[in-house]
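# A structural walkthrough
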Amino acid sequence: MNLENSTQHASGLSAWQNPQEKQSHEGKSLAQHITEVKEISRRLLEYHKFDGTYERIREYLCDYHDYGKLQPGWDLGNPRKPSHSPASLAYLIESRILLPDKLTSLTPLVWYLILKHHGVLSKTVSLQGTAGQIIDPVKILNPLLEKVGFETRIGMVDTFGLFKIADSLSAANSAEFEPISPRLDAERIRPYLGNKIDEQRWKQQLSLVSAPDFSLLSAYTGWGKTMASPLFVSKKSVTRVFFLFPTITAINQFHERLSSLEPKRVSRYFYLYDPTTDDPTDSDRTFFVARNFLNPYVITSVDQFLLSFLQAGKYYTKRVMFRGAGIVLDEIHTLNPLMLIMLTYFLKRFREPYDLKFLGMSATLTDAMRSYLADELQLPAQACMIFDQGFRERRRVMFRYNDFDIESALVQARERALQDNVMIAVNTVEKAVTIGRILREKMEFPNVIVIHGRFMYRDRAEKEADIKEYDDTRRSHILVCTQVCEVSLDVSYDHLFTELAPCSSLVQRFGRVNRRGIRTDIVNVDVFQPDIRDPARYPYAPESLNTAKMVLSGLRAEMLSNEMQLIAELNANYTREVLEKEMNDARSHVSFEAF
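Overview of the structure. Source: prediction; values computed, not measured. (Residues numbered from 1 in each chain as written. Predicted model: local features only at pLDDT ≥ 70, side-chain atom pairs only at ≥ 80, totals over all residues. Heavy atoms only, no water.)

### Topic: the sheet that holds strand E8 (residues 297-301)
The following threshold applies: The rule for pairing is simple: two strands pair if DSSP sees at least two bridges between them. Only DSSP runs of H or I covering at least 4 residues are called helices, and only runs of E covering at least 2 are called strands; the numbering of each starts at the N terminus. An axis is simply a line fitted to the C-alpha atoms; with a helix, the fit covers only the stretch in contact. Between two such axes, the angle follows the N-to-C directions and lies from 0 to 180 degrees.
Within the open sheet, the seven strands sit side by side as E7-E8-E6-E9-E10-E5-E11. Their pairing is parallel. Bordering the open sheet on either side are strand E7 (266-269) and strand E11 (384-387), each of which pairs with just one other strand. The average angle at which neighbouring strand axes cross in this sheet is 15 degrees, direction not considered. As defined by bridge partners, E7 adjoins E8 across four bridges and the pair is classed as parallel.

### Considering the pairing of strand E13 (residues 422-425)
The test is simple: Accessible area is worked out with a 1.4 Å probe on protein chains only. A residue is then buried under 20% of its type maximum, exposed over 50%, and partly exposed in between.
Here E13 shows two buried faces, one formed by Val 422 and Ile 424 and the other by Met 423 and Ala 425. When E13 meets strand E15 (residues 478-481), the two strands line up parallel, connected through four bridges. From the neighbouring strand, Val 422 faces E15, where its bridge partner is Ile 478. In the sheet, E13 pairs with strand E16 (residues 495-499) via four bridges, with the strands oriented parallel. When the sheet's bridge partners are listed, Ile 424 is paired in E16 with Phe 497.

### So, the layout of surface pockets
Any empty space left between atoms is shown by rolling a water-sized probe over those atoms. What counts is decided by this rule: Points on a 1 Å grid, built from protein atoms alone, make a cavity when a 1.4 Å probe fits but cannot get out and make a pocket when they are open with protein on both sides within 12 Å along at least 5 of 7 lines; residues with an atom within 4 Å of a point are the lining residues. Grid points are joined across faces, edges and corners, and a volume is the space filled by probe spheres set on the points. Each residue receives one of three labels: charged for Asp, Glu, Lys and Arg, nonpolar for Ala, Val, Leu, Ile, Met, Phe, Trp, Tyr, Cys and Pro, and polar for the others, Gly being one of them.
The computed volume of the second largest pocket comes to approximately 1,400 Å³. Lining the second largest pocket are 47 residues; nearest its centre among them are Met 227, Arg 257, Asp 490, Arg 515 and Arg 516. Class assignment of the residues belonging to the lining of the second largest pocket gives a composition of 17 nonpolar, twelve polar and 18 charged.

### Quick notes on helix H15 (residues 367-376)
Note the cut-off: Between two residues, a contact is recorded if the distance between any of their heavy atoms is within 4.5 Å.
Along H15, the residues classified as buried are Ala 368, Met 369, Arg 370, Tyr 372, Leu 373 and Ala 374. Residues of H15 that are buried in the fold lie against strand E5 (214-219), helix H14 (337-354), E11 and helix H23 (576-587). Looking at the residues trailing H15, positive phi occurs at Gln 378, about 55 degrees.

### Notes on the packing of aromatic side chains
Applied cut-off: Side-chain rings of Phe, Tyr and Trp, where Trp is taken by its six-membered ring, are said to pair if the distance between their centres is within 6.5 Å; with planes under 30 degrees apart they count as stacked, over 60 as edge-to-face, and otherwise as tilted.
Scanning the entire structure with this criterion turns up 33 aromatic pairs. Measuring from centroid to centroid gives 5.1 Å for Trp 223 and Phe 387, while their planes differ by 10 degrees, and the two rings are stacked. Within this pair, whereas Trp 223 is found in the loop between E5 and helix H9 (225-228), its partner Phe 387 is found in strand E11, the two being separated by 164 residues in sequence. A single burial state applies to Trp 223 and to Phe 387, both of which are buried. Seen from their ring centres, Phe 305 and Phe 309 are 4.7 Å apart, and the 35 degrees between their planes marks the pair as tilted. Taken together, the positions of Phe 305 and Phe 309, both in helix H12 (residues 302-309) and four residues apart, correspond to about one turn of that helix. Residue Phe 309 is classed as buried on the basis of its relative accessible area, which comes to 1%.

### Some details on the packing of helix H1 (residues 30-47) against helix H2 (residues 53-64)
Two packed helices can be described by the angle between their axes and the distance between those axes. Rule in force here: Should an angle fall under 35 degrees it is called roughly parallel, over 145 degrees roughly antiparallel, and 65 to 115 degrees roughly perpendicular, with every other angle called oblique. Handedness of a crossing follows from how the near helix is turned relative to the far one, being left-handed for an anticlockwise turn of less than a right angle and right-handed for a clockwise one.
With their axes 9 Å apart at the nearest point, H1 and H2 run at an angle of 155 degrees to one another. When the interaxial angle is binned, H1 and H2 end up roughly antiparallel. Judged by the sense of rotation from one axis to the other, the crossing of H1 with H2 is right-handed. Along the contact surface, H1 presents Ile 34, Val 37, Lys 38, Ser 41, Arg 42 and Leu 45, while H2 presents Tyr 54, Glu 55, Arg 58, Glu 59, Cys 62 and Asp 63. Its residues placed into classes, the contact of H1 with H2 shows five nonpolar, one polar and six charged.

### With respect to the nonpolar core
Using the following cut-off: Residue types Ala, Val, Leu, Ile, Met, Phe, Trp, Tyr and Cys, when buried and joined through side-chain atoms within 4.5 Å, form a set referred to as a nonpolar core.
Counting 92 residues, the largest nonpolar core has Phe 305 and Phe 358 as its most contacted members. Non-local contacts of Phe 305, meaning those with residues more than four positions away in its chain, are made with Leu 244, Phe 322, Ile 327, Leu 343, Phe 346 and Leu 347. Counting 73 residues, the second largest nonpolar core, distinct from the first, contains Val 238, Met 423, Cys 503 and Val 513.

Right under this line is the structure:
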């Protein structure tokens, strides 16, 4: 495609300017910008192993996406300049510039992508600057889409996504960008697991290296699954690794540890930052996403994975990053049935076209969920790794059940906190706030930290830093928290006061007590009757709470000989039948027809 001569092909557009002379970005001609976008996108497509079909589509997008900037009324310094995307489309239509050979029939689809390259791929399009009307591209493109296979459709959108990233990198003067593969291996990972390596556990952790491409890991609290998880992809061919965590706390902690191994190659992303307007100044936003998703190691949340595949907002710049990727999902047991359905659907749908690698991990992966995932993802027996010996050898907690409200025990908690570190775990934010206020204002206890899911990021980060400082120095304090304490909080408390919660939640809360110990012969956990004022808004169903209470009644104090008993009771009560009922109820709320 000859950029210098192509303006001559358009009847009525002869007044348009030369791409070698027209400034597209500050200090950069349109021709230079197009050349940069073509080179960056070529490298990106090559890295992600696209076949030759998409090369011609990529070149077409690069050559003509900004051609509307050549219209006489468009000037970089003019804040009221007309939109260039509709003008680019008008140029292509009037000039009859089509994709070559066998790709010609796909031209309308690529025209649509050019028209929308500064917005979301929506069902309606404003042709401002050409005919001025609103059209519905679905009616026009649906007959063509029906003839195009699934893999071709996602291939075109992913080509568009990489082109758009290249467009933003050029606009940000980062044309030198080169994608880099993950490079961690067992030799480099071992030292960062700690100064004292348990050789038996290290041999278990090394089994991750040879695990099948789709695997599950269930390992006791303290086994080191999170820090050992990079071993899973150490000998697998992947473009990058996504570590998916349930909380910002977990994301930040793992980012700090992994960055010490791979400085400047690790990014974290947990923002719902996805503009949905046709904004021609969106390059910085796309660059922001690209900067966070292009690194060899990306630490983010499972929400970002699901949003990318649910085609939310400008998903095309994020979903493509999962091509050839390894995915490590920690605390998989925390997914609700609807999220589990979506996760398994997209993993199955994109497993082959994207050549995905997947590891799901949990300390409390129930037999029911393991069986469900093994069936849905067609996992062989060796793909389900179980290391529960630590549960069998440990009794780090002994508990008693108190048939009254947790607020009645705050005097006891305050007295314990004069010498020990105390955690108070409750089921609602309102309860946490109330208890924090009582401890500070009425009981005048100074060292109280309250943390829950409604804090702004900056405030929460400060509280996490305080928790870490208290834990490192072993200064006595009280942590009042909600469910945020259940996942990836690497701290150890001397005593836990907790409201009754489902068995899986209790096991996680118990894991924050005497975390580095082996056995205790004193009660270090008190469980209390939950304060349910509005059953409709309460986070847990009465059935799950009743089950948990029944389980605890048979394992109080010395009746609990090891932690595996809790897991066994959890499996006995949370059966595949119970899980399937929850999954069937959730399926009624989702349809995958659009995908």
